[in-house]
Amino acid sequence: MDASDINRILVNELEAMGFSEAQATKALCSSGNSSLEAAVNWIIDHENDADIDEMSMVPVDIIETPTTSDSEQAKLKAQELRERARKRREEEEKKLEKEREKVSALCPRFSFEAQRKTEKEEERRARERIRQKLQQDMAERRARLGLSLNSSTSSKSINTSEEETKNPLKVDSAALSDNLATKKEVLMECLRSLRRQHEEEDAKVQRAFKALLVYVRNIVSNADEVKFRKIRLSNPAFQARVGIFKEGVQFLELCGFERVGGGEFLVLHRDKVDMAVLRSAGMVLHSALTNPFFGLLSK
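Keep in mind that this is a model prediction, so the values were computed, not measured. (Residues numbered from 1 in each chain as written. Predicted model: local features only at pLDDT ≥ 70, side-chain atom pairs only at ≥ 80, totals over all residues. Heavy atoms only, no water.)

## Describing the overall build of the protein chain
Broken down by element type, the protein chain carries 11 helices and 3 strands. The N-to-C order of helical and strand elements in the protein chain reads α-α-α-α-α-α-α-α-β-α-α-β-β-α. Residues counted as buried form 33% of the 299 residues belonging to the protein chain. In the protein chain, the share of contacts with a sequence separation of at least 24, taken over all contacts with a separation of at least 6, comes to 68%. With the model as given, the accessible surface of the protein chain reaches about 18,900 Å², and the carbon-plus-sulfur share is 50%. (Helix = DSSP H or I, 4+ residues; strand = E, 2+ residues; numbered from the N terminus. Buried < 20%, exposed > 50% of the residue type's maximum accessible area, 1.4 Å probe, protein only. Contact = heavy atoms within 4.5 Å. Areas by Shrake-Rupley, 256 points an atom, 1.4 Å probe, with all protein chains shown as cover.)

Right, dumping it as structure tokens:
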């Protein structure tokens, strides 16, 4: 742009407003030399430019500085123009912010769904690995104990009827043989059934596990104390913790408790106390309380 194309009066008015000669010249050149407001808007929009104060290559003749009264009016006008430009810029930023919010409102949802899907898949794989590990460990234990798949005990546990599969706790006395490993498996299956049948009541199930562990520990530590070997079935505390689950009562019966007094009490007679079984019961209960997947992988 040639020097003759620059409105020198506008240059001086901009200077009177407090802008430098370089800023005024560049603003007028860039805004088409059309109006004072357009030039002020350009300066405000580019006030952070690194070369905002560098003199334009367009030659401009400088005239005398306006009078004091003209300078005051120019400053007032500059303030007004600045305020307009500020409001205009705020409105534009609000529009941009709304657009960003619309985009960000969609992105997190897609991101969350993808992340949740990934987490579920990882959880499924972890459960599968644990299930395979448990099956491998059980096979190794059976091999060490000589419980081959062709043995009568193993065959009986595998070739169960449909009814026994639905309710694995319906076992006859032969299932509770002198083999401690077999007893431990029956005890564990009892607790697994409790967990599976009441999966939606996890807090109550955990409370039942803890109560059963207390009963077992008390007998192991104080086998001669009758009070630890006798439970009133109608006791409110017992009912609230263990009695509400039939599997809880069955677990105690598997530990050696018997119903007496017309079914009013559960009693473990002193001569029926089997420390090995009780310790196995304690180990199974400890596993049920500490393993978050206990009973959920063997459905």
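## Side note on the sheet that holds strand β1 (residues 230-232)
In spatial order, the strands read β1-β3-β2; together these 3 strands make up an open sheet with antiparallel pairing. Edge positions in the open sheet fall to β1 and β2 (258-260), since each of these has one partner strand only. Averaged over neighbouring strand pairs, the angle between their axes works out to 30° when direction is ignored. Two strands pair when backbone bridges link them, and β2 and strand β3 (residues 265-267) are joined in this way by 3 bridges, in the antiparallel orientation. When the sheet's bridge partners are listed, E258 is paired in β3 with V267. The strands that helix α10 (residues 246-254) touches are β1, β2 and β3; relative to β3, the one it contacts most, it runs at about 35°. (Pairing = 2+ DSSP bridges. Axes fitted to C-alpha atoms, helices over the stretch in contact; angles between N-to-C directions.)

## Description of the nonpolar core
L191, F238, F251, L266 and L285 are the most contacted members of the largest nonpolar core, which totals 35 residues. Among the secondary structure elements, those contributing two or more residues to this core are α7 (180-197), α8 (202-221), α9 (236-243), α10 and α11 (275-290). In terms of residue count, α8 provides more of this core than any other element does, 8 residues in total. Leaving out residues up to four positions away in the same chain, L266 has contacts with R229, K230, I231, L233, F238, V249, L252, E253, F257, E258 and R259. The next biggest cluster of nonpolar side chains, apart from the first, holds 17 residues, and it includes V11, I43, I52 and L81. (Core = buried A, V, L, I, M, F, W, Y, C linked by side-chain atoms within 4.5 Å.)

## As for the packing of α9 against α10
Put simply, α9 and α10 touch, their axes get as near as 8 Å, and they point 100° apart. As the angle between them shows, α9 and α10 are arranged roughly perpendicular. Taking contact as the criterion, the partners of F238, V242 and G243 in α9 are, on α10, G248, V249 and L252. Per-class residue counts for the contact of α9 with α10 are 4 nonpolar, 2 polar and no charged. (Parallel < 35°, antiparallel > 145°, perpendicular 65-115°, else oblique. Nonpolar A, V, L, I, M, F, W, Y, C, P; charged D, E, K, R; others polar.)

## Remarks on the side chain of H198
As for its placement among the helices and strands, H198 is situated in the loop between α7 and α8. The class for H198 is buried, based on a relative accessible area of 19%. When near neighbours in sequence (up to four residues on either side) are disregarded, H198 contacts V205, F245 and E247.

## What to know about the environment of V267
With respect to the element layout, V267 can be found in strand β3. Looking at V267, the relative accessible area reads 12%, which means it is buried. The sequence separation of V267 and R232 amounts to 35 residues, and the corresponding C-alpha distance is 8.8 Å. For V267, the residues in contact, after removing those within four places along its chain, are R229, K230, G256, F257, E258 and V260.

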